[in-house]
Amino acid sequence: MNTIERNLQDILASIPKDVILVAVSKTKPISELMQAYNTGQRVFGENKIQEMTEKWEQMPKDISWHMIGHVQTNKVKYMAPFVDLIHAVDSIKLLKEIDKQAKKNNRVINCLLQIKIAEEESKFGLDKEDAISILGSEELKNLTNVHIQGLMGMATFTNDQHQIKSEFEALSAFFEHLKPKYPYLKTLSIGMSSDYKIAIDCGSTMVRIGSSIFGVRNYS
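To start, this report covers the structure provided alongside it. The model shown is predicted, which means the values in this text are computed figures rather than measured ones.

### Quick word on the environment of Leu188
And then number 1: If you trace the backbone, Leu188 turns up in strand E7 (residues 187-189).
And then number 2: Between the C-alpha atom of Leu188 and that of Gln163, which follows or precedes it by 25 residues, the distance is 18 Å.
And then number 3: Contacts of Leu188, omitting those with residues within four sequence positions, involve Leu151, Leu171, Ser172, Phe175, Gly203, Ser204, Thr205 and Met206.

In structure tokens, the structure reads:
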């Protein structure tokens, strides 16, 4: 059993069956992704559209590709033919572009609204009021080829477990608050390698794990 296979099996054993594991494979070579694929992993997350597109072209077509990084509107067209879920949607402008490109490909593209829960200025995301405004807007109702299926958030990069937990709890509470009015919200994407167990305790339905599967990332 290779390291990637062992890591994947350990993580899958540690998370509930109804939590989706996104294997964050950014910067990793296709050979390593295929090791995960051959272990049974079918959901992969990338943060650069060009890299994800190159991998999609070369890898088996039963993979569910998730775009987890910040998205520039002018790049949406490259992933529109195949992307399954876009995690970091933070504006109605981006939703309109996703809808436009999805239409061209005769697809409906799933999206998550990214909510800003971290204290760092560098993190992207909507505040809660803006998210409520988008969900209730006529503009969204007119978009036929996007489907908002939930929320995504990234905790502050800190070793303070209490702070991470409080940020996840705040987003989870907001998610639960929205669900009665918007019952199509099913996905709460919180938790990465360092904090996914906290996230699951706070109600995460999808975790994004990279280094705990593939080892430390190669920065290129």
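Next comes the rest of the description.
### Comments concerning the pattern of salt bridges
And then number 1: What the rule picks out here adds up to nine salt bridges.
And then number 2: Here Glu51 and Lys55 are joined by a salt bridge, their closest N and O atoms 2.7 Å apart. Separated by four residues within a single helix, Glu51 and Lys55 lie in helix H3 (residues 49-58), roughly one turn from each other.
And then number 3: The exposure class of Glu51 is buried, given its relative accessible area of 19%.
And then number 4: Lys55 gets classed as buried once you look at its relative accessible area, which sits at 5%.

### Some remarks on the packing of aromatic side chains
And then number 1: Taken as a whole and judged by the stated rule, the model has three aromatic pairs.
And then number 2: Ring plane angle 35 degrees and centroid distance 5.9 Å describe the contact between Phe44 and Trp65, whose orientation is recorded as tilted. Here the residue Phe44 occupies a position in strand E2 (residues 43-46), and Trp65 occupies one in strand E3 (residues 64-67), the gap between them amounting to 21 residues. Considered together, Phe44 and Trp65 belong to a single accessibility category, that of buried residues.

### Observations regarding the nonpolar core
And then number 1: Judged by nonpolar contacts, the single largest core of 64 residues is most densely connected at Ile86, Leu95 and Leu113.
And then number 2: Per-element accounting of this core gives the leading share, six residues, to helix H8 (residues 161-178).
And then number 3: Membership of the second largest hydrophobic core comes to seven residues, among which are Val22, Ala88, Leu112 and Met152.

### Focus: the pairing of strand E5 (residues 109-114)
And then number 1: Extensive coverage of E5 is indicated by the burial of five of its six residues.
And then number 2: Pairing geometry for strand E4 (residues 85-89) and E5, over three bridges, is parallel. Bridge assignment links Val89 to a residue of E5, and that residue is Leu113.
And then number 3: Following the backbone out of E4, through helix H5 (residues 92-104) and into the adjacent parallel E5, one traces a crossover that is right-handed.
And then number 4: One ladder, built from six bridges, connects E5 with strand E6 (residues 146-152); its direction is parallel.

### Describing the environment of Lys61
And then number 1: When you line up the elements, Lys61 lands in the loop between H3 and E3.
And then number 2: On the basis of relative accessibility, which here comes to 53%, the residue Lys61 falls in the exposed class.
And then number 3: Residues Lys61 and Phe82, spaced 21 residues apart in sequence, show a C-alpha to C-alpha distance of 9.2 Å.
And then number 4: Looking at Lys61, its side chain comes within polar contact range of the main-chain oxygen of Glu57, at 3.4 Å.

Scoring rules and cut-offs
- Residues numbered from 1 in each chain as written.
- Predicted model: local features only at pLDDT ≥ 70, side-chain atom pairs only at ≥ 80, totals over all residues.
- Heavy atoms only, no water.
- Helix = DSSP H or I, 4+ residues; strand = E, 2+ residues; numbered from the N terminus.
- Contact = heavy atoms within 4.5 Å.
- Salt bridge = Lys/Arg side-chain N within 4 Å of Asp/Glu carboxyl O.
- Buried < 20%, exposed > 50% of the residue type's maximum accessible area, 1.4 Å probe, protein only.
- Phe/Tyr/Trp six-rings, centres within 6.5 Å; stacked < 30°, edge-to-face > 60°.
- Core = buried A, V, L, I, M, F, W, Y, C linked by side-chain atoms within 4.5 Å.
- Pairing = 2+ DSSP bridges.
- Right-handed = clockwise from strand over helix to strand, strands pointing away.
- Polar contact = N/O pair within 3.5 Å; in protein donor to acceptor, adjacent residues only side chain to side chain.

Coordinates in, geometry out; function isn't part of it.
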